[in-house]
Amino acid sequence: MKNILVVGSLGGMGYSLTNRLVKEGYNVFGLDIKDTCDIKDVHYYKCDITSEESIKNAYSLIKDEIDTLDAIIDVAGIYIMDSLLEIEDKDLKRILDINVLGIQRVVKVFFPLLKKGSKIVITTSELSTLDPLPFNGIYTMSKSLLEKYIFSLRMEVNNFGIKVISFRPGAVKTNLLNDSTSSMDKMCEKTVIHKEQSKNFKHIVDSVESKSVSPDKVASKLIKIIKKKHPKYVYRLNNNFALKLLNALPDRLQVKIISKIIK
């Protein structure tokens, strides 16, 4: 039986993934910030990934049960939309602490349990390699930084026979999607310098998020990835064609188009 660590096991994508893994016979160890887990047959540990001490406590408990991990799958993350000129320091630090440093801490602590052939699958975003849009730069910055971390980590562990994979989904029907909508609404209410622009940009956000997929599709994709003997470095799901098309244009033209839309 293969041992899988799911980081963010009770979020929208994580909950579906954890359920599917258990049903397919995997030995699943879940980490999340919530107090309890209602998924049967999961080894669940409440864990705050912004705290290395909390992660080390979870590691100590899991190490008592198993000797090796076959995969670490990260689906944890938060979504904050805000103006770069108005965001509070605590919000910027929080998104970086969870979306980037959180998984870095987990991988660092749990690395001794990985073996040759193990996989580290880290969920970023379709936005991670695209030019950032206005008011979404905070989230895109965090996911772009995560991509750089993934590439460097891949270089460092390749000689150990450990595979590091980037998974870049588009919009998924989860609370994270709701958070983005809620975050956009809050920004529209509180902004002083972008009142009209933020309201107009909200139409773009709504259009992208209307083309979302279910968490079950994400779970199916992730399980296919960990089953592959020779996985690719990057996998995508439900990436938005209009965003890719915009990104293919010269920078000056991108700025002109978006400025016209939100003006």
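Scroll up to find the structure this text is about.
Conventions used here
- Residues numbered from 1 in each chain as written.
- Predicted model: local features only at pLDDT ≥ 70, side-chain atom pairs only at ≥ 80, totals over all residues.
- Heavy atoms only, no water.
- Helix = DSSP H or I, 4+ residues; strand = E, 2+ residues; numbered from the N terminus.
- Buried < 20%, exposed > 50% of the residue type's maximum accessible area, 1.4 Å probe, protein only.
- Contact = heavy atoms within 4.5 Å.
- Right-handed = clockwise from strand over helix to strand, strands pointing away.
- Pairing = 2+ DSSP bridges.
- Expected span 1.5 Å × (residues − 1).
- Bend = angle between axes of the 7 residues up to and from the residue.
- Salt bridge = Lys/Arg side-chain N within 4 Å of Asp/Glu carboxyl O.
- Disulfide = S-S within 2.5 Å.
- Core = buried A, V, L, I, M, F, W, Y, C linked by side-chain atoms within 4.5 Å.
- Axes fitted to C-alpha atoms, helices over the stretch in contact; angles between N-to-C directions.
- Parallel < 35°, antiparallel > 145°, perpendicular 65-115°, else oblique.
- Left-handed = near helix turned anticlockwise from the far one by under 90°.
- Nonpolar A, V, L, I, M, F, W, Y, C, P; charged D, E, K, R; others polar.

A. How the structure looks around the overall build of the chain. From N to C terminus, the chain includes nine helices and seven strands. Its C-alpha atoms give the chain principal-axis dimensions of about 60 × 35 × 30 Å. Per-residue burial for the chain yields a buried fraction of 52% across its 263 residues. In the chain, of all internal contacts separated by at least 6 residues, the share reaching a separation of at least 24 is 73%.

B. Just the pairing of strand β1 (residues 3-7), in detail. Across the five residues that make up β1, a large majority, five, are buried. A crossover links β1 with its parallel partner strand β2 (residues 27-32), the connecting element being helix α1 (residues 12-23), and its sense is right-handed. By the bridge criterion, four bridges tie β1 to strand β4 (residues 69-74) in an arrangement that is parallel. In the sheet register, V6 faces β4, and the bridge partner there is I73.

C. Main features of helix α3 (residues 89-110). Taking 1.5 Å as the rise per residue, α3 with 22 residues should run 32 Å; its terminal C-alpha atoms sit 30 Å apart, in good agreement. When the local axis directions of α3 are compared, the greatest deviation, roughly 45°, occurs at L101.

D. Structural detail: the pattern of salt bridges. Within this structure, the stated rule accounts for 11 salt bridges. Here E24 ties to R20 by a salt bridge, and the two come within 3.8 Å at their closest N and O atoms. You can call R20 partly exposed: its relative accessible area is 25%. Among the ionic pairs, E147 bridges to R168, the shortest N-O distance being 2.8 Å. Separated by 21 residues along the polypeptide, E147 in helix α4 (residues 137-157) and R168 in strand β6 (residues 163-169) bring together distant segments of the chain. Taken together, the shared-partner salt bridges in this structure form one network comprising R20, E24 and K227.

E. Seen up close, the state of the cysteines. Applying the stated rule across the entire model yields zero disulfides. As a non-bridged cysteine, C37 has C47 as the owner of its nearest cysteine sulfur, 14 Å distant. Overall, C37 belongs to the partly exposed group, its relative accessible area being 24%.

F. Summary view of the nonpolar core. Grouped together as the largest cluster of nonpolar side chains are 54 residues, with contacts concentrated most on L5, I62, F110 and F201. Sequence-distant contacts of L5, that is, excluding residues within four places in its chain, are made with F29, L31, I62, L69, A71, I72, I73, V106 and F110. Counting 28 residues, the second largest nonpolar core, distinct from the first, contains V6, L21, V213 and A219.

G. The arrangement of the pairing of strand β5 (residues 114-123) in detail. Extensive coverage of β5 is indicated by the burial of seven of its 10 residues. In this structure, β5 lies alongside β6, joined through five bridges in parallel fashion. Within β6, the position partnered with I122 by the bridge is S166.

H. Geometry of the environment of K229. Here K229 is to be found in the loop between α7 (215-227) and β7 (234-237). Owing to a relative accessible area of 69%, K229 belongs among the exposed residues under this scheme. A C-alpha to C-alpha distance of 9.8 Å links K229 and K119, two positions 110 residues apart in sequence.

I. How the structure looks around the packing of α1 against α7. Interhelical geometry of α1 versus α7 gives an angle of 55° and a closest axis separation of 8 Å. When the interaxial angle is binned, α1 and α7 end up oblique. Handedness of the α1/α7 crossing: right-handed. For the pair formed by α1 and α7, the contact residues are G12, M13, S16, L17, R20 and L21 on the first element and P215, D216, V218, A219, S220, L222, I223 and I226 on the second. In terms of residue class, the contact of α1 with α7 is made up of nine nonpolar, three polar and two charged.

These figures come from the coordinates and say nothing about function on their own.
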